[in-house]
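Listed here are the chains, written in short residue letters.
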Amino acid sequence: MSKCDALLRRCRVKGSNRHMHLTLNDIEHAINFWRQRHPSTGEELRLCAEANALATPYAQMIMAHQREIDLETLPKPAQRALAVWFEHHTRQAQQQAQQ
């Protein structure tokens, strides 16, 4: 099972058809996570593939004045980038809770 599939499975609400809805802030945090891991490169300051995959839906949400988006409606590269961010974010929260 891929990280993306695991994320989708974990995020579904038990006993319903609802899926995980991400906010504009969630996507922004994920972009910043990837920018920290892989800083922009070249003269044009090109984003890494993961941040770039998230940048398009982020911009589309802004232009459409959309506050949330369903994870499953995002392109697969964006879903994979979010799955890694979500896993990291969850691990950090668990570590903080143990302290």
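Our subject is the structure that appears above.
Just so we're clear, the structure is a prediction, and the values are computed from it rather than from any experiment.

> For this particular structure, what's the right way to read helix α3 (residues 49-63)?
Given 3.6 residues per turn, any residue in an α-helix points the same way as the ones three and four places further on. Relative to the 21 Å expected for 15 residues at 1.5 Å per residue, α3 spans 22 Å between its end C-alpha atoms, a close match to the ideal helical length. Restricting attention to buried positions, one finds in α3 the residues Ala 51, Ala 53, Leu 54, Pro 57, Tyr 58 and Met 61. Where α3 ends, the next residue or the one after it, His 65, has phi of about 55°, a positive value.

> Explanation requested: the packing of aromatic side chains in the structure shown.
In this description, an aromatic ring pair is defined by two values, namely the gap between the centres and the angle between the planes. As enumerated under the stated definition, the model contains one aromatic pair in all. The interplanar angle of 75° and the centroid separation of 5.2 Å between the aromatic rings of Phe 33 and Trp 34 together place this pair among those described as edge-to-face. Owing to a relative accessible area of 9%, Phe 33 belongs among the buried residues under this scheme. With a relative accessible area of 5%, Trp 34 lands in the buried category.

> What's the story with the side chain of Asp 70 in this structure? I'm lost.
Tracing the backbone shows Asp 70 in strand β2 (residues 68-70). Judged by its relative accessible area of 17%, Asp 70 falls in the buried class. At 3.0 Å, the side chain of Asp 70 forms a polar contact with the backbone nitrogen of Glu 72.

Cut-offs and rules
- Residues numbered from 1 in each chain as written.
- Predicted model: local features only at pLDDT ≥ 70, side-chain atom pairs only at ≥ 80, totals over all residues.
- Heavy atoms only, no water.
- Helix = DSSP H or I, 4+ residues; strand = E, 2+ residues; numbered from the N terminus.
- Expected span 1.5 Å × (residues − 1).
- Buried < 20%, exposed > 50% of the residue type's maximum accessible area, 1.4 Å probe, protein only.
- Phe/Tyr/Trp six-rings, centres within 6.5 Å; stacked < 30°, edge-to-face > 60°.
- Polar contact = N/O pair within 3.5 Å; in protein donor to acceptor, adjacent residues only side chain to side chain.

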